[in-house]
Every structure is written in structure tokens, then in C-alpha cells.
Amino acid sequence: MIRRVLPMLVFAIVLAGPGVARAVIFDAIQYVDGITQPGWTVDVSLGGKLQSGNTDVRTIGGAAGGSWRVDDSVLFASVNGGLGEEDNSPFEQRTLEHLRFRQYFNDWSAIEVFGQHEHDRFKRIKLRALAGAGPRFFLRHAELSVAAGVTPMIEHLRIRDDGAAPDAGT
């Protein structure tokens with residue numbers, strides 16, 4: 001059933017999708033390509049920094065990722081975020097979540113579906129949501145592996161408009 005529905009979903013997204021999206025997405029491919037064994041994996045990391053002196057800095061951040069593979073189906077999820085303060089003024093406040101599903105059809109083809117949410121106060125990103133789906137093709141020979149795919153993507157972006165706040169990087 002899933003092998004019939006997913007190609008129709010991709011075709012519908014290609015036909016209904018808007019023009020080329022401006023988005024750069026989280027690079028989940030490097031993680032998903034490494035999920036070759038059945039079962040699940042979870043990674044969690046937390047970190048922080050305390051600094052005193054001329055400038056007091058406090059940061060805290062974390063990331064969690066997980067994957068699950070059953071037969072020819074792979075599910076991958078990632079969540080990360082951070083908060084930072086310098087001399088009692090915030091300089092970092094961000095979150096990013098990414099979810100990706102890949103269904104292999106044979107040794108040379110698969111389909112991927114993904115979604116992503118992002119918030120970054122200091123890039124003035126109030127909300128950024130992405131979704132996409134598309135085919136992926138593989139060519140493997142001995143130690144060489146090459147993949148190509150097309151993934152139409154839709155994006156919804158809301159920028160925080162404070163009027164007086166400068167753009168990030170200025």
C-alpha cells in the first residue's frame with residue numbers, strides 16, 4: 001500500500017507546489033544514509049558555558065536525535081536548541097526540529113518525506129516551517145556510492161517585525 005501511495009503523494013506535491021523555495025534545510029541526509037542496521041538509536045547531548053571577566057557569558061544548549069529502521073523503512077528525528085546571555089542581555093534563543101522518513105523500494109531507489117520547524121529570535125525568524133517529498137536514486141559500485149534526488153519543498157516563513165531591530169549580521 002505504502003509503495004503505491006507515496007509516489008502519488010510526490011506527484012501531487014510536484015504539481016501543486018509553489019515556485020522554487022528559498023530555504024536551506026537541516027542536513028539530515030548524512031545521518032539517514034548511515035542508518036543501515038535494523039533497530040533504533042538515540043543520541044542526546046547537553047552543553048553549556050559560564051564565563052566571567054570583562055564580559056559575563058552564559059550559554060546552554062542541547063540536541064537529541066533518534067532513528068528507527070525496520071526492513072526498508074527508515075525514520076529519523078532531530079531536535080536542537082540553545083539559549084545564551086552576555087552581560088544579562090540575551091544573544092541566542094533558537095530551536096530547530098527535523099523529521100524525515102525514507103522508504104526504499106529496491107537497491108537503487110527510495111522516496112523521502114520530511115518536515116522541519118525553526119525559531120531563531122536573533123535571526124528574527126518567528127516561525128519557519130518546511131515540508132517536502134521526492135524520489136532518491138542510488139548508484140553503488142565497489143567503494144563508490146552516488147545519490148541523486150529531486151525534492152519539491154514548500155516553506156512558510158514569518159519574520160518578527162520589531163521595526164527598530166536591525167537585521168541579523170548588521
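The following refers to the structure shown. (Residues numbered from 1 in each chain as written. Predicted model: local features only at pLDDT ≥ 70, side-chain atom pairs only at ≥ 80, totals over all residues. Heavy atoms only, no water.)

### What to know about the environment of Gly81
Working step 1: Mapped onto the elements of the fold, Gly81 is located in strand S3 (residues 73–86).
Working step 2: Residue class for Gly81 comes out buried when judged on its relative accessible area of 14%. (Helix = DSSP H or I, 4+ residues; strand = E, 2+ residues; numbered from the N terminus. Buried < 20%, exposed > 50% of the residue type's maximum accessible area, 1.4 Å probe, protein only.)

### Remarks on a nonpolar patch on the surface
Working step 1: Together, Trp40, Val42, Val44, Leu46, Trp68, Val70, Leu75 and Leu99 line one region of the surface with nonpolar side chains, adding up to about 900 Å² of accessible area.
Working step 2: Of all the secondary structure elements, the ones that give two or more residues to the nonpolar patch are strand S1 (39–51) and strand S2 (57–70).
Working step 3: Within the secondary structure, Val42 is located in strand S1.
Working step 4: Given the relative accessible area of 51%, Val42 is considered exposed. (Patch = residues over 30% accessible without salt bridge, like charges linked within 9 Å, V, L, I, M, F, W, Y side chains within 5 Å. Areas by Shrake-Rupley, 256 points an atom, 1.4 Å probe, with all protein chains shown as cover. Salt bridge = Lys/Arg side-chain N within 4 Å of Asp/Glu carboxyl O.)

### Details of the side chain of His98
Working step 1: Take His98: it is sitting in strand S4 (residues 89–104).
Working step 2: Judged by relative accessible area, His98 falls into the buried class, the value being 3%.

### What to know about the layout of surface pockets
Working step 1: Computed from the structure, the largest pocket encloses a volume of approximately 340 Å³.
Working step 2: Forming the boundary of the largest pocket are 20 residues, of which Tyr31, Asp43, Gly65, Gly66 and Phe76 lie nearest the centre.
Working step 3: Of all elements in the fold, only S1, S2 and S3 reach the threshold of two or more residues within the lining of the largest pocket.
Working step 4: A total of six residues in the lining of the largest pocket trace back to one element, the largest contributor, which is S1.
Working step 5: Looking at the lining of the largest pocket residue by residue, the class counts come to 10 nonpolar, nine polar and one charged.
Working step 6: Estimates place the volume of the second largest pocket at around 210 Å³.
Working step 7: Considered class by class, the residues forming the lining of the second largest pocket number five nonpolar, three polar and six charged. (1 Å grid on protein atoms, 1.4 Å probe; cavity = no way out; pocket = protein on both sides within 12 Å on 5 of 7 lines; lining within 4 Å. Points joined across faces, edges and corners; volume = space filled by probe spheres on them. Nonpolar A, V, L, I, M, F, W, Y, C, P; charged D, E, K, R; others polar.)

### Things to note about the nonpolar core
Working step 1: Grouped together as the largest cluster of nonpolar side chains are eight residues: Ala28, Val32, Ile35, Val74, Phe76, Tyr104, Ala110 and Phe138.
Working step 2: When near neighbours in sequence (up to four residues on either side) are disregarded, Val74 contacts Val32, Ile35, Trp68, Arg69, Arg100, Phe101, Arg102 and Tyr104. (Core = buried A, V, L, I, M, F, W, Y, C linked by side-chain atoms within 4.5 Å. Contact = heavy atoms within 4.5 Å.)

### Focus on the pattern of salt bridges
Working step 1: Per the stated rule, a full pass over the model turns up nine salt bridges.
Working step 2: The partner of Arg136 in a salt bridge is Asp33, and the shortest N-O contact between them spans 3.2 Å. Here the residue Arg136 occupies a position in strand S6 (residues 125–141), and Asp33 occupies one in the loop between helix H2 (29–32) and S1, the gap between them amounting to 103 residues.
Working step 3: On the basis of relative accessibility, which here comes to 12%, the residue Arg136 falls in the buried class.

### Here's the deal with the pairing of strand S7 (residues 144–149)
Looking along a regular strand, one sees the side chains alternate between the two faces of the sheet.
Working step 1: For S7, the tally of buried residues reaches only zero of six residues, placing the bulk of the element at the surface.
Working step 2: Counted between consecutive antiparallel strands, the loop separating S6 from S7 contains two residues, among which Ala142 sits at a positive phi close to 50 degrees. (Pairing = 2+ DSSP bridges.)

Remember, this is a structural readout, not a statement about activity or role.
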